[in-house]
Amino acid sequence: MFLRLRQEADAALREALDGSGLAADLRREELPENLLLEESEHADISSSIAFFLASRLKASPKDIASRLVTHAADAVPEGGLISEVRAVGPYINFHASELFFQETLRRIREEGCDFGGLGLKGRVILEHTSANPDGPLHVGHLRNAIIGDVLARVLRKAGYEVETQYYVNDMGRQIAVAVLGAERFGLDASKKGDHAVVEAYVRASRELDTDESLRREAEALMRRYEEGDPEAVEKYRRVVEKCLSGVKETLERLDIKHDRFVWESEFVRSGDVRRVLEALRERGEVVEEGGALVLKLKCSEKDLVLQRGDGTSLYSTRDIAYHIWKSKLCDRMIDVLGKDHELVSKQLAEALALLGVPPPDVVIFEFVSLPTGSMSTRAGKFVAVDELLDKVEEAALQEVEKRRPDMSEEQRRRVARVVGVGAVRYDIAKVSPEKPMVFDFEQALDIEKRGAPFIQYAHARASSILRMAAESGYVRRSDGDFSLPDFDATLLSTESERTLIRELSKLDYVVEKVVRELKPHHLAKYGRVVAETFNRFYRDCPVLNAEPPLRNARLNLVYCTKVVLKETLRLLGIEAPEEM
RNA sequence: GGGCCCGUAGCUUAGCCAGGACAAAGCACCGGCCUUCUAAGCCGGGGAUCGCGGGUUCGAAUCCCGCCGGGUCCGCCA
C-alpha cells in the first residue's frame, strides 16, 4: 500500500517538475529514478530532490522546494491518498489522507496474507545451500540456506514462480575421499547420515596427507565415477544419498525445502559437458596448455581451465552446463554463493555470454568464521547446525519453563522449538550479506530479545487480544481465522494508531526493496519495527475496554497487525505462535 | 603482490548504492512502570574522534584517492 502512496507522490512531483519548468534543462535520465522519495519521520513520505536540483540550477534548495510544492499541491488528485504537500525548508513533505489509512486496513482485511504482494510475473530458479555432500551443514552453510530461503519466499510473495534447487557436487575430490573413507572405515549406523559420512571423510582426509597410495586410489575412483563405472556409481550413490538425507533432515528443522536436487554428474553423463566444450571451442578462444583445455577470458583477469590434463571434467565446465540447462527452464536464475565463489561466478558469466546465455544474478555473502578462525569440514573444524539447533532449543525451553509454568510440557516444547529456530534464523537473516560474521556460541545461545522472540511475542499479544474478544463475542471465529465487523477507521486517530497503520502499509515497500537488492535483512528490520510500533499501541490504546465503536475499530487494527506480523515472520521462515 | 568485501557506542548491528532534517537500534550498565488486553513488554539516562589521513562539496558515515587492520579469491580443488 505504501508503494501506491509513493506512486501518487511520484506522479505529483513529476508534474510539479514539468509545471515549474525547474527540470526543463535536465534530461529525464539525469533525475534520480525515485526522485529521492523516501520514508521519513517528518512526514508520510518525503523528497529531498530540491537539494539535487539546487546544485544544478544554482538556486537555494529552499526556494526550489517551495516552488515545487505549489505545483505539486495542485497536481495531487482530490480524493487520493495524499492530503497535503508541504515544504519544510528544503524538504518536500507529503502527508497521507484519511483514505490512505482506511484503504490500508481495508486491503489487509480483504487480502489477508496476500497483502504486500507485487504481482510480478516470471519464472525464477534460485539455487542455494548446495553444500558438498561430505558432511553435515555447518553455520557457514546456514547463512547460505537462510539467505536463499528468505529470498525464495519473498520472490514468491512478489509474484514470481520460484523453483529452489540444491546443486549436489558429487564429482569433487572430497566426495571421492568421503566414499573411500566410507568404504575403508564403514559408516557409523548409529549416527545421522551426514554425521556418519563426515566422520569417514575426516579420517580418510587425514590419512590422505601421508598415504600416497590412497591419493591415487581416490583419483582412480574419480575417473571411474566420471566414466560411469556401475560399481563406482553405486558406491557414490550410497554415500551421497546417506549424507543428503541427513542434510535434508536438518533443513526440515529450519523449515527449508528444496524443490529439486540436481546432481552435478548428470551433466557429464548426459553429454552436456562435452557439448559445452565443443561450443566454447567454436565461440571462444580455447587453448591447450600441458594437455589441459583453457578458455581465454577478456574481462576476468584469470583464464578458465575447462578440462584436466587427463581428460576429466572440472567444476567450472559442469557449472556452465548446469546454468545452460537452468536457463532454458526459467526467465531468471539466481545463485546464492559464498564470497569465495565471486571470481568463479564472474568467469561463469563470461563463458555463458560467449554461448549467448544470460548470466545468473549472484548473491554473494561473506563468510561465517569461528573465533578461532575459518571453518573446515575436511579438518572437522566446524559448528554443525544440528548441534546449534539442539542447544538453542534447550536454552529456549529453559526460558519458557521460567516464564510459563502454567503451560503443559508439550506446549512448552512446541514454543521452545518455534522460538529456538526463529532465533537462529532471525540472527542470521538480520545481517546484511556482505558483512563478515564471527560465530560465537555463547552469543548464539543468548536468545536476543529484540530478535525473533520480540516479534513473535507481539504476534502472541495480538492473538491473545483477538482470542479474548472472540470469547466475549466481540468478533466471530471461523475456521481458525477471525471475521470482524465493519468499522470506522477515522476513530483510529491517535499518534500510536496512525503510526502503526503507516508501518503496516509498508510491507509491499519492503518486499520490493528485498526483491530489488536481493537482501533479506530489510525484512528482518521491518518485522522488528512493526512489533515495536504495535507494543507502543498496546501500551497507549486499550482495546477490549474501549467504547464499542472504538473497540471495534481497534480490534480491526489488532487483526491487521497480526496478519502483517504473521506474514513478515512467514517470509523470514519463522513461525508465529498464538501464545508464548 | 593484485582483485573484491568488511571496519559506525564496551559488544552486535542499521544507515552508505541515489551526499542533506538531530548518527539510529538492540545487548550490557543505571533509574522508573505489573489492582486494565501476556513485563520475552513500556518509559527515561549515561555511552560514538562513524578505522586513520587527504580530497570533492554550501554540506561527507555516505562520493574519490592514499594508508592501517580483518576476511576472501588469484588455471588443471569445489
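Being a predicted model, the structure only gives us computed values, none of them experimental. (Residues numbered from 1 in each chain as written. Chains lettered and ligands numbered in written order. Predicted model: local features only at pLDDT ≥ 70, side-chain atom pairs only at ≥ 80, totals over all residues. Heavy atoms only, no water.)

## Section: the pairing of strand β12 (residues 361-365)
Point 1. Examined bridge by bridge, strand β11 (residues 332-338) and β12 share 5 bridges and lie parallel to one another. Residue D335 lies in a different strand from β12, and its bridge partner there is V362.
Point 2. After leaving β11, the chain enters helix α13 (residues 342-354) and then returns to the sheet as β12, a path that is right-handed. (Pairing = 2+ DSSP bridges. Helix = DSSP H or I, 4+ residues; strand = E, 2+ residues; numbered from the N terminus. Right-handed = clockwise from strand over helix to strand, strands pointing away.)

## Quick look at the packing of helix α7 (residues 193-210) against helix α8 (residues 212-227)
Point 1. Where α7 meets α8, the closest approach of the two axes is 6 Å, and the angle between their N-to-C directions is 120°. On the side of α7, the interface is formed by A204, E207, L208 and T210, while α8 contributes E212, L214 and R215.
Point 2. Residue composition of the contact of α7 with α8, grouped by class: 3 nonpolar, 1 polar and 3 charged. (Axes fitted to C-alpha atoms, helices over the stretch in contact; angles between N-to-C directions. Contact = heavy atoms within 4.5 Å. Nonpolar A, V, L, I, M, F, W, Y, C, P; charged D, E, K, R; others polar.)

## Remarks on the side chain of R143
Point 1. Relative to the assigned elements, R143 resides in helix α5 (residues 139-158).
Point 2. No salt bridge is formed by the buried R143; its nearest oppositely charged neighbour, E366, is found at 6.3 Å.
Point 3. Leave out the neighbours within four places in its chain, and R143 touches F365, E366, F367, V368, I428, V431, S432, P433, K435, P436 and M437. (Buried < 20%, exposed > 50% of the residue type's maximum accessible area, 1.4 Å probe, protein only. Lys, Arg positive; Asp, Glu negative; His and termini not counted. Salt bridge = Lys/Arg side-chain N within 4 Å of Asp/Glu carboxyl O.)

## Describing the side chain of S463
Point 1. Here S463 shows up in helix α17 (residues 452-471).
Point 2. Judged by its relative accessible area of 1%, S463 is buried.
Point 3. Among the polar contacts made by the side chain of S463, one reaches the main-chain carbonyl oxygen of H459 at a distance of 2.8 Å. (Polar contact = N/O pair within 3.5 Å; in protein donor to acceptor, adjacent residues only side chain to side chain.)

## Side note on the nonpolar core
Point 1. Ranked by size, the top nonpolar core spans 190 residues in total, and within it I49, L68, I92, F94, I320 and L504 carry the most contacts.
Point 2. If near-sequence neighbours (up to four positions away) are discounted, F94 is found in contact with A9, A12, L13, L37, A43, D44, I45, I82, E84 and V85. (Core = buried A, V, L, I, M, F, W, Y, C linked by side-chain atoms within 4.5 Å.)

## What to know about the pattern of salt bridges
Point 1. Throughout the structure, instances matching the rule amount to 61 salt bridges.
Point 2. A salt bridge links E387 to K391; the shortest N-O distance between them is 3.2 Å. Of the two residues, E387 and K391 both sit in helix α14 (residues 385-403), 4 residues apart, roughly one turn of that helix.
Point 3. Residue K391 is classed as partly exposed on the basis of its relative accessible area of 38%.
Point 4. Of the charged contacts, one joins E434 and K519 as a salt bridge, the two residues approaching to 3.4 Å between their closest N and O atoms. Of this pair, E434 sits in the loop between α15 (409-429) and β14 (437-438) while K519 is found in the loop between α19 (507-517) and α20 (521-540), placing the two residues 85 residues apart along the sequence.
Point 5. Residue classification places E434 among the partly exposed residues on the basis of a relative accessible area of 44%.
Point 6. Exposure remark for K519: the relative accessible area of 23% places this residue in the partly exposed category.
Point 7. One continuous salt-bridge network, built from bridges that share partners, spans K192, D194, R253, D386, D390 and E393.

## Some points on the domain arrangement of chain A
Point 1. Each assigned domain of chain A is listed here: domain 1 (2-96), domain 2 (128-369) and domain 3 (385-571).
Point 2. Distance from the C-alpha centre of domain 2 to the C-alpha centre of domain 3: 38 Å.
Point 3. Listed per partner, the contact involves 34 residues of domain 2 and 31 residues of domain 3.
Point 4. Each partner contributes to the roughly 2,800 Å² buried at the junction of domain 2 and domain 3, and carbon and sulfur atoms together form 65% of this total.
Point 5. Considering only the side of domain 2, the residues that lose the most area to domain 3 are R143, K157 and R253, jointly responsible for 24% of the buried surface there.
Point 6. The tally of links between domain 2 and domain 3 comes to 6 salt bridges.
Point 7. In this structure, D386 engages R253 in a salt bridge whose closest nitrogen and oxygen atoms are separated by 4.0 Å.
Point 8. At the boundary of domain 2 with domain 3, the tally comes to 17 residue pairs in polar contact (both at pLDDT 80 or more).
Point 9. Only α5, α7, α9 (230-253), β11, β12 and β13 (368-369) provide two or more residues apiece to the side of domain 2 that touches domain 3.
Point 10. If you tally residues by element for the side of domain 2 that touches domain 3, the top one is α5, at 13 residues.
Point 11. Class assignment of the residues belonging to the side of domain 2 that touches domain 3 gives a composition of 19 nonpolar, 4 polar and 11 charged. (Domains from an automatic or database assignment. Buried area = accessible area lost by both parts, 1.4 Å probe.)

## Quick notes on the packing of α5 against α15
Point 1. The contact between α5 and α15 brings their axes to 9 Å, and the two run at 90°. Considered as vectors, α5 and α15 are oriented roughly perpendicular to each other. Residues L142, R143, I146, D149, V150 and R153 of α5 touch α15, and the partners they reach there are V424, R425, I428 and A429.
Point 2. Tallied by class, the residues present in the contact of α5 with α15 amount to 6 nonpolar, no polar and 4 charged. (Parallel < 35°, antiparallel > 145°, perpendicular 65-115°, else oblique.)

## With respect to the protein's contact with RNA strand B
Point 1. Near RNA strand B lie 75 residues; those nearest to it are N34, K302, R308, K435 and Y457.
Point 2. The sugar and phosphate moieties of RNA strand B supply 63% of its atoms located within 4 Å of the protein.
Point 3. In this structure, E38 approaches RNA strand B through a side-chain N or O atom, which is 3.2 Å from a base nitrogen.
Point 4. Take Y91: an N or O atom from its side chain is 2.5 Å from a sugar or linking oxygen of RNA strand B.
Point 5. Classifying every residue of the surface near RNA strand B by side-chain character gives 28 nonpolar, 19 polar and 28 charged. (Near = heavy atom within 4 Å.)

## Here's the deal with the state of the cysteines
Point 1. Per the stated rule, a full pass over the model turns up 0 disulfides.
Point 2. Here C541 is not disulfide-linked; the sulfur of C560 is the nearest cysteine sulfur, at 15 Å.
Point 3. The class of C541 is buried, set by a relative accessible area of 3%. (Disulfide = S-S within 2.5 Å.)

## Details of unusual backbone geometry
Point 1. Not every positive phi belongs to a glycine, and T129 is a case in point at roughly 70°.
Point 2. With respect to the element layout, T129 can be found in the loop between β5 (123-127) and α5.
Point 3. Positioned with a positive phi, S130 is a non-glycine residue whose angle comes to about 40°.
Point 4. Position of S130 relative to the elements: it lies in the loop between β5 and α5.
Point 5. Overall, the relative accessible area of 12% leaves S130 in the buried class.

## Description of a nonpolar patch on the surface
Point 1. Together, F51, V88 and Y91 make up a nonpolar patch on the protein surface, roughly 270 Å² of accessible area in all.
Point 2. Here Y91 lies in strand β4 (residues 91-96). (Patch = residues over 30% accessible without salt bridge, like charges linked within 9 Å, V, L, I, M, F, W, Y side chains within 5 Å. Areas by Shrake-Rupley, 256 points an atom, 1.4 Å probe, with all protein chains shown as cover.)

## Quick look at the environment of L57
Point 1. Looking at the secondary structure, you find L57 in helix α2 (residues 49-57).
Point 2. In this structure L57 comes out as partly exposed when scored by relative accessible area, which is 27%.
Point 3. Each C-alpha atom of the pair L57 and V198 lies 66 Å from the other, and the pair is 141 residues apart in sequence.
Point 4. Beyond its immediate chain neighbours, meaning those up to four positions away, L57 contacts L22 and I64.

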